Amino acid sequence: MAWLAGTALQLQQAEVWPPGVYIALGAAGMAAVAAATWWALRRNAGVALLALALAGSATLAFALAGARGAWRVAETLPPALEGRDLLVTGRIARLPQVDAEGVHFLFVPDAARSAAGEPVTLPPRLWLAWPRAGLGEGGFAGPPERALAGERWQLPLRLKRPHGAMNPEGFDAELWLFEQGIGAVGSVRAAAPTDPKRLEGPRWWRPDEQLDAARQRWRDAALLQGTDPLVAGVLAALTVGDQSAIDAPGWALFRQTGVAHLMSISGLHITLFAWLASRLIARLWRASPRLMHAWPTPFAARWGGVLLAAGYALVAGWGVPAQRTVWMLALTVGLLQLGLRWPPLLVCLAAGAAVAALDPWALLQPGFWLSFVAVALLIASHPPEPEGDEPPVGWRDRLRATLKAALRQQVVATLALAPLTLLLFEQISLVGFVANLLAVPWVTLVVTPLALAGLLVPPLWALAAWALQPLLWVLALFAQAPLAVWTVPAAPAWAGALGLVGGALLVLPLPWRARLAGLPLLLPLLWPAIERPAPGHFELLAADVGQGSAILVRTANHLLLHDTGPRYGQDNDAGQRVLLPLLRARGEHRIDSLVLSHRDTDHVGGAAAVLAALPVGELRTGLEPGHPLREATGPAGEPVTHVDCAAGQSWQWDGVRFDVLHPPADAWRPGTKPNAMSCVVRVQDAQGRSALLTGDIEAPGEQALAEQLGPALKTDILVVPHHGSQTSSTAAFLAAVQPSQAVIQVGYRSRFGHPHPSVLARYAAAGIPVARTDHCGAWGWSDAGAWCTRAVQQRYWHWLGSLSPPAGGAVVASP
């Protein structure tokens, strides 16, 4: 526990210290543990010695995690190499991921040089995108039909440092890249006179390259099974661990029914595989007296199970979760080999500490806590065996006992993990208990063995696909049930802690009165209090959606969403990836007004996903007649009232006034530029504080607003027009608005060059502080002041720009 605590403390660091500090701390921690151990072996251990040992262990864990973090931070791409044309040779590692946009893959470089021929040093791992023809920068030819894992290529690249969207309660993409050891991301692009060139295939003497190539062949063969892409994707995920083979609707189905943990190679699959392998090895070993004399059967079965589980994890890609499981199994078997009959809970804690030593960042992954908490509570909740009970003898009795134990374990897992699941994901499947009763045995005992056997006997894949189809049909029925998923807002830490205690009380072998005491402890987690602005006030959040716009304005009882961000890919947009998780975490179940400023996809890319998931009171847009979104429907197919944006429209919510300032009612004509139709909305509270939401309005629209409104256009918060393009933010417009704060929603290293340096210089000359979502993450404003998500959540693996707090409490990110 002290080791886990030391590791967890180090993970809270905003920046890593110099390596020498960690070395000194590690030496001090080792000395403390050694001194306490030496003294305890000679005298009775007391409280002081225990405290010294615990402090030393925690310090050593802190130092080890910090040293590894500092080492990995040092492997990040130098800023000077961002955006430069580079010619890089290296190998494709693991499985390339193919979608409608192109190929994404892990690349291990062995040499690189600049366009001038100078050698450069790159991080040991790169994550690259190879867009299809016409989608990338420079118009180069797309990737070949088949880029094989293990192949060596010469590629023209442009790279940048790892950077992801940063939103409250959002997915931490930078942590994922950091844990994988990826020090740069980029794309294959045109770099005359050199085109991408395949140099050689996987080397026959390198087992890792041959294994990667074999995994890709198996994955491709699995994807050809049947006509249902979801069935083929699940087989690929269960066989070689390629979770990207399952599309977004498939993952949504599995999350709604609570079986997502079964549809990829996880700790459960590897542990079950190790158990089955050990049973098989034990049976084969006992058939040979010579083998039993050479090595006892239990030893051979245990270590054979671990080795075969490691082989399975290698076939699955040797991902971080698989590595954790293999090391946990090896530790458990090692303790048994040494004759250390530790209590099961102590073995679980020791395995957790070992995983944290090998991968400190595992403590930040939901899978770590779900796995260990489930195992710990299953162990702790197991009632003692009554003395004198005879084990079941007949097959009926054994079957009855097995089914009873399985049902009990599912009840314990459901009740115990429900609070943790709500705390980690803000949602839980209410049909998950029944779905898992069916899916766990069917997937683990039927589908997965058939899928794995298909590696050796390919026709068995067809049988696995046939076995999977009825399960998917049943899961689809469960997902259609009313209230199939329960969602809750993000709970404060104290509510989460009470909920975890309450869930544990419900399953521990305690008197029923003590168990029932856990129910009231769950209430703050199930129905957390949601903070809302007081009447006459509003809150504003500029979400970090990359190169696009999405603004949330919340009053006491109403919500306005101005634009929905960009579309990232064929089935991937800001609505699914950013806005819906953000709205769930904030406890938003309805959008009273969805404003789509104009038709550009970086403003309406996520609209379809939002409309399909949440009821919308009205849709107010600057879209031209005939645009499909004007006829959008809600989650149940109900029509959504559409209103054309027109200057002069006004309404009040909870003492806050909303005014549409642009476009004029008769602005649209055939051939009108979409930006000229931008719906500009001004929000003003009862105290006169205001915000101006501008869309992509350009200089002519700005001039018209300044001439029509004059001094009345003055605003406290300005959402910078057109992401800081030089087509907007004229000096006359800034003089009329006179904002005390400006915020730009823009993508990191935007390929459009936003924000333009001349525009930033204009704001600086006017003395207007500017916050940028690419540097600051989501930017928020309320009565308490302004804040940047990156400044609040900063950790050492995050992209670190120049963050400095200006006067007034806002955090401005400067280049």
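The paragraphs below set out a description of the structure included in this document. Counting of residues starts from 1 at the beginning of each chain's written sequence and follows it residue by residue. Local features in a predicted model are, by the rule used here, given only for residues with pLDDT of at least 70; side-chain atom pairs are given and counted only at 80 or more, and totals for whole chains, interfaces and linings are based on all residues. Only hydrogens and water are set aside; all other atoms, that is, all heavy atoms of the structure, feed into the side-chain values.

**Examining the side chain of Glu702**
Alright, step 1. Assignment of secondary structure puts Glu702 in helix α23 (residues 699-709).
Alright, step 2. Relative accessibility decides the category of a residue: with a 1.4 Å probe and only protein chains considered, values under 20% of the type maximum give buried, values over 50% give exposed, and everything between is partly exposed. Counted charges follow a simple rule, with Lys and Arg positive, Asp and Glu negative, and His plus the chain ends left uncounted. Basic side-chain nitrogens of Lys or Arg form a salt bridge, by our definition, when they fall within 4 Å of a carboxyl oxygen of Asp or Glu. Nearest to the buried, unbridged Glu702 among oppositely charged side chains is Arg762, at 6.7 Å.
Alright, step 3. Setting aside residues up to four positions removed in sequence, Glu702 forms contacts with Ile697, Pro721, Ser728, Ser729, Thr730 and Phe733. We count a stretch as a helix when DSSP gives it H or I for four or more residues in a row; a strand needs E for two or more, and each element gets its number in order from the N terminus. Two residues form a contact once any of their heavy atoms are found within 4.5 Å.

**Comments concerning unusual backbone geometry**
Alright, step 1. A cis amide bond links His662 to the next residue, Pro663, at an omega of 5°.
Alright, step 2. On the secondary structure map, Pro663 appears in the loop between β18 (656-662) and β19 (680-684).
Alright, step 3. In this structure, the amide linkage connecting His754 to the following residue, Pro755, adopts the cis form with an omega of -10°.
Alright, step 4. Phi is positive for Arg94, close to 60°, though the residue is something other than glycine.
Alright, step 5. A positive phi angle, close to 50°, is found at Arg749, a residue other than glycine.
Alright, step 6. As for its placement among the helices and strands, Arg749 is situated in the loop between β22 (741-744) and α25 (757-765).
Alright, step 7. Judged by relative accessible area, Arg749 falls into the partly exposed class, the value being 42%.

**Some words on the environment of Gly317**
Alright, step 1. Tracing the sequence through the fold places Gly317 in the loop between α10 (297-315) and α11 (320-337).
Alright, step 2. Linking Gly317 and Gly241, residues 76 residues apart in sequence, is a C-alpha distance of 6.4 Å.
Alright, step 3. Not counting residues up to four positions away in its chain, the partners in contact with Gly317 are Arg94, Arg215 and Val240.

**Some thoughts on the sheet that holds β22**
Alright, step 1. Sheet architecture is open: seven strands sit in the order β17-β18-β19-β20-β21-β22-β23, paired in mixed fashion. With partners counted over all chains shown, the strands left at the sheet margins are β17 (650-653) and β23 (770-772), one partner each. Along the sheet, successive strands turn relative to each other by an average axial angle of 20°, direction set aside.
Alright, step 2. In this sheet, strand β20 (residues 690-693) lies alongside β19 in antiparallel orientation, the contact comprising four bridges. From the neighbouring strand, Arg682 faces β20, where its bridge partner is Leu692. Should DSSP find at least two bridges between two strands, the strands are taken to pair. In this analysis, axes come from line fits to C-alpha atoms, helices being fitted only over the stretch in contact, and the angle between any two N-to-C directions falls in the range 0 to 180 degrees.

**Focus on the pairing of strand β4 (residues 152-160)**
Alright, step 1. Across seven bridges, the pairing between strand β1 (residues 85-99) and β4 is antiparallel. Bridging across to β4, Leu87 finds its partner in Pro156.
Alright, step 2. Two elements, β4 and strand β6 (residues 197-200), share three bridges in a ladder whose sense is antiparallel. Note that in β6 the partner of Gln154 across the bridge is Lys197.

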